[in-house]
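A structural walkthrough
Chain by chain, the residues:
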Amino acid sequence: MKRTRIVDAIKMTQFGETVNVKGWVRTKRGNKEVNFIALNDGSTINNIQIVADVVKFEEELLKSITTGACLSVTGKLVKSEGAGQAVEIQADEIQIYGLADNTYPLQKKGHTMEFLRGIAHLRPRTNTFGAVLRIRHNMAIAIHQFFHQKGFFYWHSPIITASDCEGAGQMFQVTTQNLYDLKKDENGSIKYDDDFFGKQTSLTVSGQLEGELGATALGAIYTFGPTFRAENSNTPRHLAEFWMIEPEVAFIDLPELMDLEEEFIKFCVNWALENCMDDLTFLNNMIDKGLIERLKSVVATEFVRLPYTEGIKILEEAIAKGKKFEFPVYWGCDLASEHERFLVEEHFQKPVIMINYPKEIKAFYMKQNEDGKTVQGTDVLFPQIGEIIGGSVREESYDKLMERITELNIPMKDMWWYLDTRKYGSCPHAGFGLGFERLMLFVTGMQNIRDVIPFPRTPKTADF
Ligand code: ATP
Ligand code: MN
């Protein structure tokens, strides 16, 4: 008989009809006459209740069904008399696909997030991770939906790259060389001639530079793919492997870039509110009581647009009034997360798009302002998260870009192709990068970035 997904079965009203469901046992309880099995197949946070009359089944069969076992159940769909569910299934046939003995680590009791990280291969079967991972899927769909309907093209920047100008020192190298027998030249430098690509290559830290090639050909593109950073940041907001969304758009300026950033995040958050309410309600009850409220408020509020220089003034005034920060604040400093969170959570109590940063603390490709001191970078700062988006208008002038590259001593020998965008038909353009897992943190209310991706990669951890 054709299987009905539990998400559909619990909404059915054709009482008396025979249905088949398959799934994993969450709990089983019962008495001498009847067993109640809560079955979940991952299609929804909700379980369906299976009612098994003891007389209809072998005692051994019912006894062997324990938490974690996988079953196929055929029976009559009936209106439930019990609280908490509309329907249940009066089982006629139970087939056991796989048993789970008492070593199954996900017994009924609550588990800590740390414990669950140690069993990341099984944690998707918990309510919390089921909810998070269904929301993750929905966010991915929202992203494609948003850009597709705006006429952006999905663009695939390469994952293996030879340009080492971005984030020097935090890239994972890609090689087929025998690391036990590295060929070196007379200066002791590694010879890459015999390596697979004939040069030093790494996993990408960002698809932006290639994304700019897309934008200056197709008009508007977005990437959505994995990126890798070997930064030793053991924080609840950094992963070594994370997914990034990087739209890049020709012919837009700073205000239009900020509009795009704001519209995009609101679209995604609203998508969660419209499509993931069951899972959000669960997370709101179990993880973060303010979650749904916060999501609704972000969709409804206008983000603050704040020049860096004004932001520094606000922070200095706060310090003058007695506010204590760990790190010093002065014009030119790179804001720490405590400063960003003060502005967002205490001062404005709204998301903030900070713009026009000192050029010294931002990347070489950002468009320089007339003042000669600041560049048109935009960081979107969020409650709880801090930086969720980093973006900028790109410097389109070949000369100004070259000047910056020379000043910063950036090795450009592998970057000639990037400079060609400024040499041939250069145009104003802008873009941003949003860390998918940072968005996931915000949307789920989870506290640690390791818990919003199926298999987190962080310093000293690459299990599963
Ligand atoms: P941070 O200061 O938080 O390390 P960043 O300035 O290094 O961020 P960008 O290089 O601008 O970040 O990258 C764009 C976006 O990618 C960030 O706004 C953030 O959402 C996300 N991001 C950056 N590094 C990580 C990481 N290690 N893990 C997860 N997301 C990240
Ligand atoms: Mn970083």
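Right above here is the structure, for reference.
The next subject is the pattern of salt bridges. Taken as a whole and assessed by the stated rule, the structure comprises 23 salt bridges. With its nearest N and O atoms 2.8 Å apart, the salt bridge here joins Arg394 to Glu248. Placement of the pair is Arg394 in the loop between strand E15 (386–393) and helix H11 (398–407) and Glu248 in strand E11 (residues 241–250), with a sequence separation of 146 residues. With respect to class, Arg394 is no different from Glu248; both count as buried. Here Lys367 ties to Glu396 by a salt bridge, and the two come within 3.2 Å at their closest N and O atoms. In this pair, Lys367 sits in the loop between strand E13 (352–358) and strand E14 (374–382) while Glu396 sits in the loop between E15 and H11, placing the two residues 29 residues apart along the sequence.

Moving on, we get to a nonpolar patch on the surface. There is a patch of nonpolar side chains on the surface, built from Ile159, Ile160, Phe196 and Phe197 and spanning about 390 Å² of accessible area. Along the polypeptide, Ile159 turns up in the loop between strand E6 (153–154) and strand E7 (160–161).

This next bit is on the packing of aromatic side chains. Under the criterion given, the structure shown has 21 aromatic pairs. Relative to Tyr222, the ring of Phe147 lies with its centre 4.7 Å away and its plane at 20°, an arrangement referred to as stacked. Of the two residues, Phe147 sits in helix H4 (residues 127–149) while Tyr222 sits in strand E10 (residues 220–228), which places them 75 residues apart along the sequence. Between Phe224 and Trp243, the aromatic rings sit 5.8 Å apart at their centres with planes inclined by 80°, giving edge-to-face as the arrangement. Pair noted here: Phe224 is in strand E10 and Trp243 is in strand E11, with a separation of 19 residues, a long-range link. On the basis of relative accessible area, Phe224 is assigned to the buried category, the value being 7%. Members of the aromatic cluster, connected to one another through ring pairs, are Phe146, Phe147, Phe152, Tyr154, Tyr222, Phe264, Phe267, Trp271 and Phe432. Its end group placed over the ring of Tyr357, Lys362 keeps NZ or CZ at 4.2 Å from the ring centre. Of note, Lys373 hangs over the ring of Trp331, and the distance from its end group to the ring centre comes to 5.7 Å.

Taken together, 15 residues sit near ligand 1, with Arg229, Glu231, His238, Glu387 and Ile388 positioned nearest. The side chain of Arg229 places a nitrogen or oxygen atom 2.8 Å from an oxygen atom of ligand 1. Contact with the protein chains covers 77% of the free accessible surface of ligand 1, which is 580 Å². Listing elements by their share of the shell around ligand 1, those giving two or more residues are E11, E15 and strand E16 (429–435). Among the elements that make up the shell around ligand 1, the one with the highest residue count is E15 (four residues). Its residues placed into classes, the shell around ligand 1 shows six nonpolar, four polar and five charged.

Here the focus is the nonpolar core. Met139 and Leu280 are the most contacted members of the largest nonpolar core, which totals 68 residues. If one sorts the elements of this core by residue count, helix H6 (residues 254–275) sits on top with 11 residues. For Met139, the contacting residues outside a window of four places in its chain are Cys268, Trp271, Ala272, Phe436, Leu439, Met440 and Val443. Counting 22 residues, the second largest nonpolar core, distinct from the first, contains Ile37, Ile65, Leu77 and Ala91.

A separate point is the sheet that holds strand E12 (residues 304–307). Pairing between the strands of a sheet is mediated by backbone hydrogen bonds and can be parallel or antiparallel. Read from one edge of the open sheet, eight strands run E6-E10-E11-E16-E15-E14-E13-E12, paired in mixed fashion. The sheet is open, and its two edges are formed by E6 and E12, each paired on a single side. Where E14 lies against E15, six bridges are found, and the strand directions are antiparallel. Its bridge partner being in E15, Asp379 is matched across the sheet by Gly390. Seen against the sheet, helix H5 (residues 208–218) touches E6, E10, E11 and E16 and runs at an angle of roughly 30° to E11. Contacts from helix H13 (residues 436–444) reach E10, E11, E14, E15 and E16, with the element oriented near 60° to E16.

As a further point, take helix H8 (residues 291–300). Every buried residue of H8 is listed here: Leu291, Ile292, Arg294, Leu295 and Val298. Projection of H8 onto a plane perpendicular to its axis shows the buried side chains occupying an angular sector of 160°, all on one side. Along H8, exposed side chains directed more than 90 degrees from the buried face belong to Glu293 and Ala300. Buried residues along H8 sit in contact with H6, helix H7 (277–286), E14 and H13.

Rules and cut-offs
Residues numbered from 1 in each chain as written. Chains lettered and ligands numbered in written order. Predicted model: local features only at pLDDT ≥ 70, side-chain atom pairs only at ≥ 80, totals over all residues. Heavy atoms only, no water. Salt bridge = Lys/Arg side-chain N within 4 Å of Asp/Glu carboxyl O. Helix = DSSP H or I, 4+ residues; strand = E, 2+ residues; numbered from the N terminus. Buried < 20%, exposed > 50% of the residue type's maximum accessible area, 1.4 Å probe, protein only. Patch = residues over 30% accessible without salt bridge, like charges linked within 9 Å, V, L, I, M, F, W, Y side chains within 5 Å. Areas by Shrake-Rupley, 256 points an atom, 1.4 Å probe, with all protein chains shown as cover. Phe/Tyr/Trp six-rings, centres within 6.5 Å; stacked < 30°, edge-to-face > 60°. Lys NZ or Arg CZ within 6 Å of the ring centre and 35° of its normal. Near = heavy atom within 4 Å. Polar contact = N/O pair within 3.5 Å; in protein donor to acceptor, adjacent residues only side chain to side chain. Nonpolar A, V, L, I, M, F, W, Y, C, P; charged D, E, K, R; others polar. Core = buried A, V, L, I, M, F, W, Y, C linked by side-chain atoms within 4.5 Å. Contact = heavy atoms within 4.5 Å. Pairing = 2+ DSSP bridges. Axes fitted to C-alpha atoms, helices over the stretch in contact; angles between N-to-C directions. Arc of directions from axis to C-beta.

Coordinates in, geometry out; function isn't part of it.
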